[in-house]
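# Examination of the molecular architecture
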Amino acid sequence: MSVAVAHANIALIKYWGKADRALNLPAVPSLSLTLAGLRTRTEARLITGAEDAVTLDGRPAGGRPRARVIAMLDQLRARAGATSRLAITSHNEFPTAAGLASSASGFAALALAASHALGLELTRQQLSALARQASASAARSVFGGWAELLTGCEHASPIAPPEHLDVRMLVAVTRRGEKAIGSTEAMLHTAETSPYYDAWVSSAGALFTRGKSALLARDLPELGRAMEHSTLAMHASMLAADPGVLYFAPESLAVMHAVRELRGRGFSTFFTLDAGPHVKVLCPSVEAPAVAKELRALPAVLELLEAAPGPAAELLEAP
Ligand code: DP6
């Protein structure tokens, strides 16, 4: 049996839109931080049955989630020249049931565990390219710390190690069990119907360069401003779709305003939102206790998770 773990990542500069739908290549460059604590653990075992067995968070998977796993396994079998079936058991060890995105950590851990079970020794770049085909954001979770996924490139790449910037990402959980439209579907709908999609794509390169330069210069306020600009521009493109895609809940807006108020009081805090109502807040480590206390006091915040920059995906010793 092979066991791998990988951590969720949050994009500071967002990926939203595909240059090639079949190959799942992004239309815009993105920059992310992998987070400690938000971990997926995946086991892969060769079995004798006629079909792969896929268990996600304790339940047999069906439909699209299962199909995405099998597609990756089929690719790996083709590469290994193998016909063996696998039993995949994946568990999200997130300290919440709040429906935080787990596909990134899940597909990164799956790529590592399943390739190892099939006897393949893939490079980090190959693992990242494999994860990207399942879910583009997963390409970044193969790496620890700060990573980028460029356009016209099959895999993500590391930019800087976790300790490059001493920050925390506070995840403000604002709603429970919401069934929102998935990111894949929502970004395709944005590309097809939003008059702002082209503007989003054409401005994404400059925004990425701004964010990456700020990161390399360890300029947290400038990185934070670029991060807020990226998320708001991404959401603007989807708000202008027809019908508009609305991930903001009233509670999300309350947290966004609170973050800006904290900034007015001298804190270096910035927000970002993905395809859901939760708000992720970036701040320097030294400010994290005070910022966390302020956010926890908001009626809009059901739960607050605190995550440090996290490590790369890795294989564990099987028991
Ligand atoms: C808003 O990686 O889930 O989180 O490639 O279709 O699986 P697919 O999309 P996915 O999209 C993530 C979108 C995002 C921004 C980001 O992580 O960069």
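Owing to the predicted nature of the structure, the values given are computational and were not obtained by experimental measurement. Residue numbers restart at each chain and count upward from 1, following the sequence in its written direction. With the structure being a predicted model, the display of local features is reserved for residues of pLDDT at least 70 and the display and counting of side-chain atom pairs for 80 or more, all residues being used for whole-chain, interface and lining totals. Values shown for side chains rest on all heavy atoms present in the structure; no hydrogens or waters enter the calculation.

### Topic: the sheet that holds strand β13 (residues 303–307)
- Strands were regarded as paired on the criterion that DSSP finds at least two bridges between them. Numbering of helices and strands runs from the N terminus, with a helix taken as a DSSP run of H or I at least four residues long and a strand as a DSSP run of E at least two residues long. In spatial order, the strands read β11-β12-β10-β13; together these four strands make up an open sheet with antiparallel pairing. This sheet does not close on itself; its edge strands, each paired only once, are β11 (270–272) and β13. Neighbour to neighbour, the strand axes of the sheet diverge by 25° on average, direction disregarded.
- Where strand β10 (residues 167–173) lies against strand β12 (residues 279–284), six bridges are found, and the strand directions are antiparallel. Here, axes are lines fitted to C-alpha atoms. For helices the fit covers the stretch in contact, and angles between N-to-C directions go from 0 to 180 degrees.

### Some words on the side chain of serine 115
- Among the secondary structure elements, serine 115 is positioned in helix α2 (residues 103–117).
- With a relative accessible area of 2%, serine 115 lands in the buried category.
- Under the rule applied, a polar contact is a pair of N or O atoms within 3.5 Å (in protein, one hydrogen donor and one hydrogen acceptor; residues adjacent in sequence only if both atoms are side-chain atoms). A distance of 3.1 Å separates a polar atom in the side chain of serine 115 from the backbone oxygen of leucine 112. Accessible area is worked out with a 1.4 Å probe on protein chains only. A residue is then buried under 20% of its type maximum, exposed over 50%, and partly exposed in between.

### What about the site of the ligand?
- Note on definitions. A residue lies near a molecule or strand when any single heavy atom of the residue is within 4 Å of it. Within the structure, the ligand sits among 18 residues, and Lys18, Ser135, Ser137, Arg140 and Thr184 are positioned closest to it.
- In this structure, an oxygen atom belonging to the ligand sits 2.8 Å away from a side-chain N or O atom of tyrosine 15.
- Contact with the protein chains covers 94% of the free accessible surface of the ligand, which is 460 Å².
- Counting residues per element, the shell around the ligand draws most heavily on helix α5 (residues 183–193), at three residues.
- Looking at the shell around the ligand, its residues break down into eight nonpolar, five polar and five charged.
- Each domain's extent was defined by an automatic or database domain assignment. When residues of the shell around the ligand are assigned to domains, at least three fall in each of domain 1 (2–162) and domain 2 (166–307). Surface accessibility follows the Shrake-Rupley procedure with a 1.4 Å probe radius. Residue values consider only the protein chains on display as shielding. Three residue categories are used. Nonpolar comprises Ala, Val, Leu, Ile, Met, Phe, Trp, Tyr, Cys and Pro, charged comprises Asp, Glu, Lys and Arg, and polar comprises the others, including Gly.

### A closer look at the domain arrangement of the protein chain
- Split by domain assignment, the protein chain resolves into domain 1 (2–162) and domain 2 (166–307).
- Residue contacts are defined here by distance: any two heavy atoms, one from each residue, within 4.5 Å place the two residues in contact. The interface is formed by 30 residues belonging to domain 1 together with 43 residues belonging to domain 2.
- Buried area between domain 1 and domain 2, both sides added, is near 3000 Å², and the carbon and sulfur share of it is 76%.
- Any Lys or Arg side-chain nitrogen located within 4 Å of an Asp or Glu carboxyl oxygen qualifies as a salt bridge. Where domain 1 touches domain 2, the interface holds two salt bridges.
- Across the salt bridge formed by glutamate 148 and lysine 212, the nearest N and O atoms sit 2.9 Å from each other. Summed over both partners, the accessible surface that disappears when two parts come together, traced with a 1.4 Å probe, is what is meant by buried area.

### Looking at the side chain of histidine 278
- You can see histidine 278 is positioned in the loop between β11 and β12.
- In this structure histidine 278 comes out as buried when scored by relative accessible area, which is 5%.
- A polar contact of 3.2 Å, which involves the side chain of histidine 278, links it to the backbone nitrogen of threonine 174.

### Let's talk about the nonpolar core
- Among the nonpolar cores identified, the biggest contains 50 residues, and Trp16, Met72 and Leu76 are the most heavily contacted of them.
- At nine residues, α2 tops the list of elements feeding residues into this core.
- Formed jointly, this core draws a minimum of three residues from each of two domains, domain 1 (2–162) and domain 2 (166–307).
- When neighbours within four sequence positions are excluded, leucine 76 is seen to be in contact with Ala111, Ala114, Ser115, Leu118, Leu120, Leu122 and Leu130.
- One finds Trp146, Val171, Ala214 and Met227 within the second-largest nonpolar core, a separate group that totals 29 residues. Working definition of a nonpolar core: buried Ala, Val, Leu, Ile, Met, Phe, Trp, Tyr and Cys residues. They are joined through side-chain atoms within 4.5 Å.

### Observations regarding the environment of alanine 313
- Here alanine 313 is to be found in the loop between β13 and β14 (314–316).
- Taking relative accessible area as the criterion, alanine 313 reaches 3% and is therefore assigned buried.
- The sequence separation of alanine 313 and alanine 147 amounts to 166 residues, and the corresponding C-alpha distance is 13 Å.

### Considerations on unusual backbone geometry
- Here the amide bond leading from aspartate 242 into proline 243 is cis, since omega sits at -5°, within 30 degrees of zero.
- Mapped onto the elements of the fold, proline 243 is located in the loop between α7 (220–239) and α8 (250–264).
- At asparagine 24, a residue that is not glycine, the phi angle is positive and equals roughly 55°.
- Positionally, asparagine 24 belongs in the loop between β2 (18–20) and β3 (25–26).
- Asparagine 24 gets classed as buried once you look at its relative accessible area, which sits at 7%.

### A few points about the packing of α8 against helix α9 (residues 288–296)
- Contact geometry for α8 and α9: axes closest at 11 Å, N-to-C directions at 140°. Regarding the angle of α8 to α9, the classification is oblique. By crossing handedness, the relation of α8 to α9 is classed as right-handed. The segment α8 lies against α9, with Val255, Val259 and Leu262 engaging Val291, Glu294 and Leu295. Oblique is the label for every angle not falling under 35 degrees (roughly parallel), over 145 degrees (roughly antiparallel), or within 65 to 115 degrees (roughly perpendicular). Should the near helix be turned counterclockwise from the far one by less than a right angle, the crossing is left-handed, whereas a clockwise turn marks it as right-handed.

### Digging into the packing of α2 against helix α3 (residues 124–134)
- Packing of α2 against α3 leaves a shortest axis separation of 9 Å and a crossing angle of 125°. Regarding the angle of α2 to α3, the classification is oblique. As for the relative orientation of α2 and α3, their crossing is right-handed in sense. Residue-level inspection shows Phe107, Ala108, Ala111, Leu112 and Ser115 of α2 in contact with α3, the latter providing Arg124, Leu127, Leu130, Ala131 and Ala134.
- When its residues are assigned to classes, the contact of α2 with α3 shows eight nonpolar, one polar and one charged.

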